[in-house]
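Survey of secondary and tertiary structure
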Amino acid sequence: MKLVTAVIKPHKWEDVRAALEAFGVTGMTVSEVSGYGRQKGHTEVYRGAEYDIALVPKIRIEIIVDDADVEDVAGIVVKAARTGRIGDGKVWVSPVDSVVRVRTGDRDEAAI
């Protein structure tokens with residue numbers, strides 16, 4: 001099992017969600033986060049004054065998938081989240097040793 005984690009632009013969330021559901025992903029964890037990469041934030045104008053905004057709002061998606069589906073899920077996220085502009089986000093994969101469904105006690109593949 002693997003944990004696929006993606007950080008994407010907020011306006012791409014619905015596209016990514018729809019693409020993952022069409023593939024058959026049945027569960028994920030989604031968080032609103034802030035951060036920056038190469039774009040180093042941005043500037044905004046408020047009441048005529050310009051302010052530097054260091055942290056950019058993003059959406060973090062976490063999905064536990066079977067090893068056979070890792071490349072497909074990561075590819076779906078990348079394709080659906082891509083705008084071609086700086087700040088599109090990142091996707092990374094981490095190993096998962098064990099998963100337990102709290103309600104039933106199911107373990108590992110049965111708990112996905």
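Residues numbered from 1 in each chain as written. Predicted model: local features only at pLDDT ≥ 70, side-chain atom pairs only at ≥ 80, totals over all residues. Heavy atoms only, no water.

**Concerning helix H1 (residues 13–23)**
For H1, the set of buried residues is Trp13, Val16 and Leu20. Each buried residue of H1 lies within a common arc of 70° when the element is viewed along its axis, so the set occupies one face. If you follow the buried residues of H1, they end up packed against strand S1 (2–8), strand S2 (29–35), strand S5 (56–65) and helix H2 (70–81). Immediately beyond the C-terminal end of H1, within one or two residues, lies Gly24, with a positive phi of roughly 115°. (Buried < 20%, exposed > 50% of the residue type's maximum accessible area, 1.4 Å probe, protein only. Helix = DSSP H or I, 4+ residues; strand = E, 2+ residues; numbered from the N terminus. Arc of directions from axis to C-beta. Contact = heavy atoms within 4.5 Å.)

**Some words on the environment of Asp66**
Within the element layout of this structure, Asp66 appears in the loop between S5 and H2. Classification of Asp66 by relative accessible area gives partly exposed; the value is 30%. Taking the C-alpha atoms as reference points, Asp66 and Val102, separated by 36 residues in sequence, lie 19 Å from one another. Non-local contacts of Asp66, meaning those with residues more than four positions away in its chain, are made with Glu109 and Ile112.

**Some points on the sheet that holds S1**
One open sheet accounts for 4 strands, arranged S2-S5-S1-S6; its pairing is antiparallel. Each of the sheet's edge strands pairs with one partner strand only, and the pair in question is S2 and strand S6 (89–95). Each neighbouring strand pair of the sheet contributes to a mean axis angle of 20°, computed without reference to strand direction. Pairing of S1 with S5, which is carried by 7 bridges, proceeds in the antiparallel orientation. Bridging from a neighbouring strand, Val7 pairs with Arg60 of S5. Of the strands in this sheet, S1, S2 and S5 touch H1, which is tilted by about 10° from S5. (Pairing = 2+ DSSP bridges. Axes fitted to C-alpha atoms, helices over the stretch in contact; angles between N-to-C directions.)

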